[in-house]
Amino acid sequence: MKFNKAIFFDRDGVINDDLGYVHKIDDFRFYEDFFSCAEQFKKHGYKLIVVTNQSGIQRGLYTIKDFLILSCYMQGCIYDRLGFYLDRIYFCPLLQDSIRRKPSPGMLLAAKETFALDMSKCLIVGDNISDVEAGYNAGLSNLFLLQRKPDDFSDMRDLNSKYHYHKIRDLSQISAILQDNSLS
């Protein structure tokens, strides 16, 4: 059996500007570096998978339907710009879901089964320590913590010694790190 590789993206803060519980098309603004990153990884045979906590649903701020409408919009924009869709969008709408909600690895492990992934060849990029922890808990060794603003990590504890993640400022840095490590 042939195993696949994937790049897992958190959504808010990685793909789009995180304005807090983004659920309306009018509030969804892509980061430009996402498009070049997605295109590059797709070209190298990676599955493109979103894993996102969406607790705003349980909090009553928006509905699953709102999330799905926004996801369709996002997919349409990606297709219009790049000519392909993301392979899958996994989301956890619950605050107390100990299986799927990051830092639990449930969404990543579901993707492993669906896409026959070799987790040692996969990577995750997120803007929260919980994204790094989810990747680690799923057996990924390529963990990226995105710091778009200089003060993003001012209040975060440094877990580098346990998780061995890379801190990056934009998505273009992932390829350079992977090339340096001969992983791409």
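Reading guide: rules and limits
- Residues numbered from 1 in each chain as written.
- Predicted model: local features only at pLDDT ≥ 70, side-chain atom pairs only at ≥ 80, totals over all residues.
- Heavy atoms only, no water.
- Salt bridge = Lys/Arg side-chain N within 4 Å of Asp/Glu carboxyl O.
- Helix = DSSP H or I, 4+ residues; strand = E, 2+ residues; numbered from the N terminus.
- Buried < 20%, exposed > 50% of the residue type's maximum accessible area, 1.4 Å probe, protein only.
- Phe/Tyr/Trp six-rings, centres within 6.5 Å; stacked < 30°, edge-to-face > 60°.
- Pairing = 2+ DSSP bridges.
- Axes fitted to C-alpha atoms, helices over the stretch in contact; angles between N-to-C directions.
- Contact = heavy atoms within 4.5 Å.

As for the pattern of salt bridges
Following the criterion strictly, the structure yields 8 salt bridges and no others. Asp10 is paired through a salt bridge with Lys102; the nearest N and O atoms lie 2.9 Å apart. Of this pair, Asp10 sits in the loop between β1 (5–9) and α1 (32–43) while Lys102 sits in the loop between β3 (88–92) and α3 (106–115), placing them 92 residues apart in sequence. A single burial state applies to Asp10 and to Lys102, both of which are buried. A single network of salt bridges, built from pairs that share partners, joins Asp10, Lys102 and Asp131.

Let's talk about unusual backbone geometry
Residue Pro103 follows Lys102 across a cis peptide bond; omega there is 25 degrees. Relative to the helices and strands, Pro103 is located in the loop between β3 and α3. Despite not being glycine, Tyr21 has its phi angle at roughly 50 degrees, a positive value. For Tyr21, the location among the structural elements is in the loop between β1 and α1. Of note, Ala116 is a non-glycine position whose phi angle comes to about 50 degrees, a positive value. Inspection of the secondary structure assignment puts Ala116 in the loop between α3 and β4 (123–126).

A few points about the packing of aromatic side chains
One pass over the structure, following the stated rule, counts 9 aromatic pairs. Plain terms: the ring middles of Phe9 and Phe34 are 5.2 Å apart, the flat faces sit at 75 degrees to each other, and that makes the pair edge-to-face. One end of the pair, Phe9, is in strand β1; the other, Phe34, is in helix α1, with 25 residues separating them in the sequence. The buried category is assigned to Phe9, whose relative accessible area is 0%. Under the relative-accessibility criterion, Phe34 is labelled buried at 0%. Their ring planes at 85 degrees and their centres at 4.9 Å tell us that Phe41 and Tyr46 sit as a pair that is edge-to-face.

Some remarks on the sheet that holds strand β2 (residues 46–53)
Within the open sheet, the 6 strands sit side by side as β3-β2-β1-β4-β5-β6. Their pairing is parallel. Only two strands of the sheet have a single neighbouring strand rather than two, namely β3 and β6 (166–168). Looking at each pair of strands side by side, their axes are set apart by 20 degrees on average, direction ignored. With 3 bridges joining them, strand β5 (residues 142–146) and β6 adopt parallel strand pairing. Its bridge partner being in β6, Leu146 is matched across the sheet by Ile168. In the packing of helix α2 (residues 64–82) onto the sheet, contacts are made with β2 and β3, and the angle to β3 comes to roughly 155 degrees.

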